[in-house]
Amino acid sequence: MQGMEQVAFLWDKVLKPLGAVTDGSQFLEPDGLFPNHIPNPEDKAAMEAITQAVLNNKADLGIIFDTDVDRSAAVDSSGRELNRNRLIALMSAIVLEEHPGTTVVTDSVTSDGLTAFIEKKLGGKHHRFKRGYKNVIDEAIRLNSTGEESHLAMETSGHGALKENHWLDDGAYMMVKLLNKLAGARTLNPNIGSKVLTDLVEGLEEAAVTVEIRLKIDQNHADLKGGSFRDYGESILKHLESVISKDPNLNKAPKNHEGVRVSGYGGWFLLRLSLHDPVLPLNIEAQSKNDAMKLGLAVLAAASEFSALDTTALNKFLQQ
Ligand SMILES: O=P(O)(O)OC[C@H]1O[C@H](O)[C@H](O)[C@@H](O)[C@@H]1O
């Protein structure tokens, strides 16, 4: 287990008294300079550190939190990361066992593979909404108020909330759900590692290439003509939408709540406005770099007309 201050409670007052061996845990001392890695369960270095600790200690499970413990992720006993879409798939499998057919609300950058997994394998409904943990939680609450049952709201960032936990944005509670599942399986077979969790995400299709490229809008650029970066971003999205509608290889997602989401070349992309920054994040998933580049080129073709948009990061991706 690794994380910061609040984790000490889970470690000292919950896991240890219950008999868990937590010796391999690391980075439990709070240090605001974050000397070990960025405290983010999506961060490559953070996930590598916890994976290594799991393997070195032959642990059944690794769990990792951000600094205020509202984002979390796990690593199974074989060293497989359970974060992003995989963690949502795993939590969906657990929640759908308890509440068959329920709706899972997620943010907008979740994969097409996740939708297929929730709907075809688990028999639930995937409501792909907007980025932002507050947005997904509020949407799940709204759905329940309209009579559509939803028990789980999750973001790929590792934020997540459950109806049974009063919709608190609570990474520790997510991990306790995984630990419960694990403990139940271990009473039947103590040498099973975390296979019970690994098995639950069996069948989740994953893209070979997954990238997020963040395109900045220069707010002081003359092309904004004194307008806001939001308006400028919206006009880029509108233009992209019209360019896509003329391309026979690309299809706009029929149901979408944020930005422009398009499928094609066996993959998909989403271009949207950042929640806070003058940035258009572009997410691309495809089965090969070549297909991902075709999707990236379609965005570049539309975006290059907008001189206040810095496309350096996209160009770099396309030239790699
Ligand atoms: O829109 P972005 O710039 O990608 O930021 C999106 C993120 O913003 C905040 O940090 C929210 O707490 C997260 O829930 C959200 O995922």
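Residues numbered from 1 in each chain as written. Predicted model: local features only at pLDDT ≥ 70, side-chain atom pairs only at ≥ 80, totals over all residues. Heavy atoms only, no water.

### Description of the site of the ligand
We count it as follows: Residue proximity to a molecule or strand is established when one non-hydrogen atom of the residue lies within 4 Å of it. All accessible-area figures derive from a Shrake-Rupley calculation using a 1.4 Å probe, and residue coverage is judged against the displayed protein chains alone. Residues are grouped as follows: Ala, Val, Leu, Ile, Met, Phe, Trp, Tyr, Cys and Pro are nonpolar; Asp, Glu, Lys and Arg are charged; every other residue, Gly included, is polar.
Around the ligand, the structure places Arg131, Gly132, Tyr133, Glu155, His159, Arg214, Arg272, Ser274, Leu275 and His276. Within the complex, the protein chains bury 79% of what would otherwise be the 390 Å² of accessible surface of the ligand. Broken down by class, the residue content of the shell around the ligand amounts to two nonpolar, four polar and four charged.

### Section: the packing of helix α8 (residues 229–245) against helix α9 (residues 289–303)
Here is the rule we go by: For every element, the axis is a line fit to its C-alpha atoms; helices are fit only across the contacting stretch, and the angle between N-to-C directions ranges from 0 to 180 degrees. Here a helix means four or more residues in a row that DSSP labels H or I, a strand means two or more in a row labelled E, and each is numbered from the N terminus. An angle below 35 degrees is read as roughly parallel, one above 145 as roughly antiparallel, one from 65 to 115 as roughly perpendicular, and any other as oblique. Each crossing is labelled by how the near helix is turned from the far one, with a counterclockwise turn of less than a right angle marking it left-handed and a clockwise turn marking it right-handed. Should any heavy atoms of two residues lie within 4.5 Å, those residues are considered in contact.
Orientation of α8 relative to α9, taken along the N-to-C sense of each, is 120°, at an axis distance of 9 Å. The pairing of α8 with α9 is recorded here as oblique in orientation. Taken as a pair, α8 and α9 cross one another with a handedness that is right-handed. For the pair formed by α8 and α9, the contact residues are His239, Leu240 and Val243 on the first element and Ala298, Val299 and Ala302 on the second. Classifying every residue of the contact of α8 with α9 gives five nonpolar, one polar and no charged.

### A look at the nonpolar core
How we decide: Side-chain atoms within 4.5 Å link the members of a nonpolar core, which is a set of buried Ala, Val, Leu, Ile, Met, Phe, Trp, Tyr and Cys residues. To sort residues, take the accessible area from a 1.4 Å probe on protein chains only and compare it with the maximum for the residue type: under 20% means buried, over 50% means exposed, and anything in between is partly exposed.
If you look at the biggest cluster of nonpolar residues, it comprises 37 residues, and the most contacted ones within it are Ile63, Phe65, Leu90, Met91, Leu152, Met175 and Leu178. Contributing elements (two or more residues each) for this core: α1 (7–15), β1 (61–65), α3 (84–98), α4 (112–121), β6 (150–154), α6 (171–188) and α7 (195–200). Element by element, the count of residues in this core is highest for α3, at nine residues. Apart from residues lying up to four places away in sequence, Met175 is in contact with Ile63, Phe65, Ser72, Ala73, Ala74 and Leu87. Grouped together as the second largest cluster of nonpolar side chains are 35 residues, Ile213, Leu224, Leu295 and Ala308 included.

### Some points on the pattern of salt bridges
Note the threshold: Salt bridge criterion: a side-chain nitrogen from Lys or Arg within 4 Å of a carboxyl oxygen from Asp or Glu.
The final tally for this structure, using the stated rule, is 22 salt bridges. Here Lys44 ties to Glu48 by a salt bridge, and the two come within 3.4 Å at their closest N and O atoms. Within this pair, Lys44 and its partner Glu48 are both found in helix α2 (residues 44–56), separated by four residues, close to a single helical turn. Residue Glu148 is joined to Lys125 by a salt bridge in which the shortest nitrogen-to-oxygen separation is 3.1 Å. Here Glu148, found in the loop between α5 (133–145) and β6, pairs with Lys125, found in strand β5 (residues 125–128); they are 23 residues apart in sequence, far enough to count as distant. Since its relative accessible area comes to 22%, Glu148 is described here as partly exposed. On the basis of relative accessible area, Lys125 is assigned to the partly exposed category, the value being 35%. Each of the salt bridges in this network shares a partner with another, and the network as a whole consists of Arg80, Arg86 and Glu206.

### A word on the UniProt feature "domain: Alpha-D-phosphohexomutase alpha/beta/alpha" (unreviewed entry) in the chain
Let me state the cut-off plainly: UniProt positions are given in the numbering used here, feature names are shortened, and annotations may be inferred rather than shown by experiment.
UniProt marks residues 10–79 and 84–184 with the feature "domain: Alpha-D-phosphohexomutase alpha/beta/alpha" (unreviewed entry), using the numbering shown here. For the annotated span residues 84–184, helix accounts for 51% and strand for 16% of the residues, and the straight-line distance between the end C-alpha atoms is 24 Å.

### Looking at the packing of α3 against α6
One way to put it is that α3 packs onto α6 with a least axis distance of 11 Å and a crossing angle of 65°. The handedness of the crossing between α3 and α6 comes out as left-handed. Here Leu87, Leu90, Met91, Ile94, Glu97 and Glu98 of α3 lie close against α6, whose contacting residues are Met174, Met175, Lys177, Leu178 and Lys181. In terms of residue class, the contact of α3 with α6 is built from seven nonpolar, no polar and four charged.

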